[in-house]
Amino acid sequence: MEWKGATGVPEGVIEALMGPGAPFEMVVENIRGIDHKVFARQPRNLRAVFDASASRQGPNPFMTDGDRAWTQSEAIADIESISRLLTERYGIRRGDRVAILSANSPEYGLTMWATLSIGAIVTSLNGWWTGAEIEHGIALTSPAIILGDGPRLARIEPGIVDDSVPIVLLKDLYAEALALGSDGRTWSIDVDPDDPAVILFTSGTTGQAKGATLSHRNIAHFGWTNMLSGALGAMTAPVASSGPAPQPASILASPMFHVSGMIGILITGPALGAKLVFPKPGRWDPKQHLELTHDYGVNVWSGVPTQFWRLITDPDFDSYDLSALRSVGGGGAPFPPELVRELHRLLPNAVLGNGYGMSETVGLGTIARGQLMVDHPDSVGVAQPSVEVEIRGASGELVAVGEVGEIHLRTACVFIGYWNNEPATRAAIDDEGWYRTGDFGRVYDGLLHLESRMRDLILRGGENIYPIEIENRLVEHPGIRDAAVIGVDHVQLGQEVKAFVVLEDGVAMEPSEVQRWAAEKLATFKVPAYVTFRTELPYTETGKLQKRLLEAEEQPGREVDRA
């Protein structure tokens, strides 16, 4: 399965966009020993992407937090000042890891760009992690500096960071950088396309997060693919009644330590020319999202199904002016058909879209958009430009059309590998550049349909959760003999975490005690919302836990409201 071109595009448009010498001409280039389709005129690195965009965007706003707004040129001036500070004061050099542990903020975004500009690697520590999880991320990547906000830096336990590694508040770094200035020079360096740019942490079957390492080329290729898709879409869209098209405007609600939030600050704003609106720090709030949409003329909503459910079911939904919305979509979780129908009914002027991808591919893979998504809400669409999709059996063989197998992807967006984890990298990427996704699906009618995630993966509100990590924590309790964790269906979150617990003889325990024990070491979204006590768990004669028997049951325990 691969991209077949755009349907309904007037004759000659593909040649004008993708032919020899055209803006989106594609060529074959050897990348780390593997031939990939790449864009001939894609800039060398991410800073070059930003600089090229700034010259086009002029006075258009780049980002705002409600208190201040930046154009792209103003942002670059601040980026140079931060780059100078990181270089001169903290000695950050090409290849160093700059760890950031923070809620979204303009300072976070500007510091990411400064880090990339001087050839260092953004290490995006998950802001929802507990102290133990943060310790693992730091130990794995050995950052040269750790930046963040107060509440999250406070989770770093004393003694886990070497005294030689500075720990600095982002707001202090930014203030010091502005006071220092750039000295009127450019501090960015000419980074190679395949140099590491960002480390994103992903869940792992071993119970600890792995650092998916993305290159400048990986991320920029995602941007150029979406720019091509936008150009093709403009060729088939109805002609506007009058005047120029409005600037895209999006709310940067997804955390920048996730692939979707990272794409927002590195691609949606700079490469696609969008205005990024930062919500106030704190838990995502549908009312604030609706208010920002109304106040800033937001015309693009990007999120996960959980967020869209909460937006359209908000009791004040009808009181907000959402007429500017022209695009609603996301990725990271399948959209239930009922949600697609409701979005289409309530937001008839917005084009719906849902992509299938993951951190390891910068989110690139397949996409269902517009009428295709409305007509086939149960699919995740067709391959995006430059993407190849194969469905393989247990032995790696291609399966017949319509049969279920593991989804494999190949594209110039496939990540470099897992940081400091060569065995995991070799298991994920084969010698021909195919990424083994761990997801199962089938192709029929030319569309990819997801059948299931790998047995042990729970997808809750866009977060990947591996039960083994929770199970390992639960059985550390002296009163718990055995535990099994599964995902159960949830209307808004997609799935919730449910634990089956076997207690030691003579031990009595309430579900809340199990939840408190898990919460001491695990992020909130991993804490079981349901706890059911059993005298034993179902095992085969060979000692294999039969989770399918647990999954077949529909006996939810006590729910904890964490939405």
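Everything quoted here is computed from the prediction, not taken from an experiment. (Residues numbered from 1 in each chain as written. Predicted model: local features only at pLDDT ≥ 70, side-chain atom pairs only at ≥ 80, totals over all residues. Heavy atoms only, no water.)

(A) Structural context of helix α3 (residues 72-88). When the terminal C-alpha atoms of α3 are compared, their 24 Å separation across 17 residues agrees well with the 24 Å that a helix rising 1.5 Å per residue should span. For α3, the buried fraction is high: 13 of the 17 residues fall into the buried class. (Helix = DSSP H or I, 4+ residues; strand = E, 2+ residues; numbered from the N terminus. Expected span 1.5 Å × (residues − 1). Buried < 20%, exposed > 50% of the residue type's maximum accessible area, 1.4 Å probe, protein only.)

(B) Quick look at the sheet that holds strand β20 (residues 417-418). The mixed open sheet is built from 7 strands, whose spatial order is β8-β7-β5-β6-β9-β10-β20. Each edge of the open sheet is held by one strand with a lone partner, namely β8 (167-169) and β20. Running over the sheet, helix α5 (residues 131-141) touches β5 (97-101), β6 (121-124), β7 (145-148), β9 (196-202) and β10 (210-215) and is turned about 145° from β9. (Pairing = 2+ DSSP bridges. Contact = heavy atoms within 4.5 Å. Axes fitted to C-alpha atoms, helices over the stretch in contact; angles between N-to-C directions.)

(C) Main features of the environment of Leu339. Relative to the helices and strands, Leu339 resides in helix α12 (residues 337-346). Between the C-alpha atoms of Leu339 and Pro305, which are 34 residues apart in sequence, the distance is 7.7 Å. Aside from chain neighbours lying at most four places away, what touches Leu339 is Pro305, Phe308, Trp309 and Ile312.

(D) Spotlight on the pattern of salt bridges. A complete count under the given rule lists 32 salt bridges for this structure. Between Asp194 and Arg217 there is a salt bridge; the shortest N-O distance is 2.8 Å. Here Asp194 is found in the loop between α7 (170-180) and β9, whereas its partner Arg217 is found in helix α8 (residues 216-236), with 23 residues between them in sequence. Residue classification places Asp194 among the partly exposed residues on the basis of a relative accessible area of 27%. Assessed through its relative accessible area of 9%, Arg217 is described here as buried. The salt bridge partner of Glu422 is Arg426, with a shortest N-O separation of 3.9 Å. In this pair, Glu422 and Arg426 are both assigned in helix α14 (residues 422-428), 4 residues apart and thus about one turn of the helix distant. (Salt bridge = Lys/Arg side-chain N within 4 Å of Asp/Glu carboxyl O.)

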